[in-house]
Amino acid sequence: RYAFWETQPVVQFDGAGDAQEDGPIDKPKTVGDVRQEPYPLPDSFEWCEADVCDAAQVREVYELLSLNYVEDDDAMFRFNYSREFLQWALQPPGFRRDWHVGVRVKASRKLVAFISAIPATVVAAGKSLPMVEINFLCVHKKLRSKRLAPVMIKEITRRVNLCDIWQAAYTAGVVLPMPVAVCRYWHRSLNPKKLIEIGFSSLAPRMTMARTIKLYKLPPTPATAGLRPMRPSDSPAVAALLNSYLARFKVAQHFTADEVEHWLSPREMVVDCYVVEAPSSGSASTSGQITDVVSFYTLPSSVLGHPEHKELRAAYMFYTVPGSVPLPQLLQDAMVLAASKGYDVFNALDLMENQAVLKDLKFGVGDGTLQYYLYNWRVRGVPFGAPDVGLILL
Ligand code: YNC
Ligand code: MG
């Protein structure tokens, strides 16, 4: 039973409406129909906006998340998004500060909960829609199971609806009504010794540490000739390449050149992006034809209660388009670059074309699944398979 989710415009598990056309689940509304006042919070709490440009405020969000956000099932690791990462993740083109919603304790001013929305164009089964992506929903551990999350979800929905946006995409490790797709994380050891020491992985039967280290050893430099960091001036060419690639998936994001510049221009310890540029006779200041893109983002986890190791340094595969180079080589090059920068593990979902190549690249499947959801949009034929997904949320 889902006391809250059964009241929301999402596809329910009972299968009602299976035969209907793709489209909104709620009856059409206008901005004028939207409630003007914020939803009420329990008496001792109040809403706030988090200005993540402000060093003190982004630190508050950082601290809330670093102590209370997503952990693995055994509570050994907890995501530790950096402040620079949060500033990047929350401020793409068209972001709104009133979509960075916090809850404070009135008396102490302490930030105890957070939820965010950012604008994005999402294409679902051929229909392109202005949506938001919801992320970083977090309630302080001491305030769990008090039904604060449903109020926060209703409040952010209200604020998004006031901007005439009626659909959203989100992912979660929990199963809710009703996934449009289910993906799995795969993990590729870069520093197997540390991963075994912190209990992230274990020594395989009949394997020694020395043999394990040798098994995962990568070449010192990428194999792809001409692979170079993406530059902001590549954004229009990368956007064209990326959008034409993403068009083959049933659920995908669509990017403007400005969005590509934001999401893929390299940022130290936040996002790395490399491109292959076809040799051209043009001048050096303008980019020629971009044929391939590979990117990853940086999301460390805190190692909980380990005497020696405090942090697991993880790279997560981000938008990647194979062109002149096959996907396995591009991915391997990304891993080579990540290994040389000191990451411990390279993670990838089994979405897009990854499923077919992960095993050969020595990835192992993780436990748990990542569910993809759409709010107020029905799509026939769901759940889609992971290879139908061309959307990566942070
Ligand atoms: C979750 N992750 O089922 P029912 S992912 C959505 N996403 O409702 P309470 C969730 N709903 O079953 P707690 C959820 N987890 O009665 C739980 N729920 O229908 C549902 N964890 O609320 C749950 N971050 O406040 C139940 O639970 C109801 O105190 C119970 O708070 C939940 O960011 C939470 O995993 C997750 O901080 C905040 O456990 C808390 O437990 C926590 O009593 C650790 O809530 C961190 C964590 C979630 C990461 C994420 C995506 C969130 C998507 C939210 C949905 C957006 C809908 C679209 C809105 C815009 C629409 C437009 C236009
Ligand atoms: Mg609660």
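Not measured: the values here are computed from a predicted model.

## Observations concerning the overall build of the protein chain
Counting its regular elements, the protein chain contains nine helices and 19 strands. Its C-alpha atoms give the protein chain principal-axis dimensions of about 60 × 55 × 45 Å. A total of 394 residues make up the protein chain; the buried ones form 52% of that total. Long-range contacts, defined here as pairs at least 24 residues apart, represent 75% of the contacts in the protein chain between residues at least 6 apart. Surface exposure of the protein chain reaches about 18,000 Å², of which carbon and sulfur atoms provide 54%. If the 42 positive side-chain charges of the protein chain are averaged to one point and the 42 negative ones to another, these points end up 5 Å apart.

## Observations regarding the sheet that holds strand β9 (residues 227–229)
The strands making up a sheet are joined through hydrogen bonds of the backbone, oriented either antiparallel or parallel. Strand order in the open sheet formed by seven strands is β9-β11-β12-β15-β16-β8-β17, with mixed pairing between adjacent strands. Looking at strand neighbours, the two that pair on one side only are β9 and β17 (364–365), the edges of this open sheet. Two elements, strand β15 (residues 314–317) and strand β16 (residues 345–349), share three bridges in a ladder whose sense is parallel. When the sheet's bridge partners are listed, A314 is paired in β16 with V345.

## As for helix α7 (residues 257–264)
Burial in α7 covers these residues: E259, V260, H262, W263 and L264. An end-on view of α7 places all buried positions within 165° of arc, on one side of the element. Against α2 (83–90), β4 (111–124), α6 (235–246), β10 (251–254), β11 (271–277) and β12 (290–298) lie the buried residues of α7.

## Quick word on the site of ligand 1
Inspection of the region around ligand 1 gives 34 residues, with W5, L137, S145, R147 and A149 positioned closest. Backbone polar atom of F4 to an oxygen atom of ligand 1: 2.9 Å apart, as the coordinates give it. The backbone of L137 places a nitrogen or oxygen atom 2.7 Å from a nitrogen atom of ligand 1. For ligand 1, the protein covers 88% of the area, taking 1,200 Å² as the surface of the free molecule. Elements with a contribution of two residues or more to the shell around ligand 1: β5 (127–139), α3 (148–161) and β6 (167–172). Here the shell around ligand 1 takes seven residues from α3, the largest share from any one element. Taken together, the residues that form the shell around ligand 1 break down as 24 nonpolar, seven polar and three charged.

## Digging into the nonpolar core
Of all hydrophobic cores here, the largest spans 78 residues; its most connected members are W88, F136, L246, Y297, F318, Y319 and Y372. Of the domains in this structure, domain 1 (5–173) and domain 2 (183–390) are the two that each give at least three residues to this core. L41, V132, I134 and L148 belong to the second largest nonpolar core, which has 30 residues in total.

## A look at the domain arrangement of the protein chain
What the domain assignment lists for the protein chain is domain 1 (5–173) and domain 2 (183–390). In this complex, domain 1 contributes 51 residues to the contact, which on the side of domain 2 involves 39 residues. Taken together, the two surfaces of domain 1 and domain 2 that pack against each other cover about 4,200 Å², and 59% of this comes from carbon and sulfur. Taken as a group, F77, W88 and Y170 account for 17% of the area that domain 1 buries against domain 2, more than any other trio of residues on that side. If you look at where domain 1 meets domain 2, you find one salt bridge.

## Observations regarding unusual backbone geometry
Here the residue pair P177 and M178 is connected by a cis peptide bond, since its omega of -25° sits within 30 degrees of zero. Considering the arrangement of structural elements, one finds M178 in the loop between β6 and β7 (181–183). V382 connects to P383 through a cis peptide bond whose omega is 0°. Relative to the elements of secondary structure, P383 occurs in the loop between β18 (370–375) and β19 (389–390). At A125, a position not held by glycine, the phi torsion is positive, near 45°.

## What about the pattern of salt bridges?
Here the structure, examined in full by the defined rule, presents 21 salt bridges. One salt bridge in this structure joins R109 and E46, with 2.3 Å as the shortest N-O distance. Pair noted here: R109 is in the loop between β3 (100–105) and β4 and E46 is in strand β1 (residues 45–49), with a separation of 63 residues, a long-range link. Given the relative accessible area of 44%, R109 is considered partly exposed. For E46, a relative accessible area of 25% translates into the label partly exposed. As a salt-bridge pair, E353 and R248 come within 3.7 Å of each other at their nearest N and O atoms. Here E353, found in the loop between β16 and α9 (355–358), pairs with R248, found in the loop between α6 and β10; they are 105 residues apart in sequence, far enough to count as distant. Overlapping salt bridges, with partners in common, bring together R228, R231, D234 and E277 in one network.

Thresholds, definitions, all that
- Residues numbered from 1 in each chain as written.
- Chains lettered and ligands numbered in written order.
- Predicted model: local features only at pLDDT ≥ 70, side-chain atom pairs only at ≥ 80, totals over all residues.
- Heavy atoms only, no water.
- Helix = DSSP H or I, 4+ residues; strand = E, 2+ residues; numbered from the N terminus.
- Buried < 20%, exposed > 50% of the residue type's maximum accessible area, 1.4 Å probe, protein only.
- Contact = heavy atoms within 4.5 Å.
- Areas by Shrake-Rupley, 256 points an atom, 1.4 Å probe, with all protein chains shown as cover.
- Lys, Arg positive; Asp, Glu negative; His and termini not counted.
- Charge placed at Lys NZ, Arg CZ, Asp CG, Glu CD.
- Pairing = 2+ DSSP bridges.
- Arc of directions from axis to C-beta.
- Near = heavy atom within 4 Å.
- Polar contact = N/O pair within 3.5 Å; in protein donor to acceptor, adjacent residues only side chain to side chain.
- Nonpolar A, V, L, I, M, F, W, Y, C, P; charged D, E, K, R; others polar.
- Core = buried A, V, L, I, M, F, W, Y, C linked by side-chain atoms within 4.5 Å.
- Domains from an automatic or database assignment.
- Buried area = accessible area lost by both parts, 1.4 Å probe.
- Salt bridge = Lys/Arg side-chain N within 4 Å of Asp/Glu carboxyl O.

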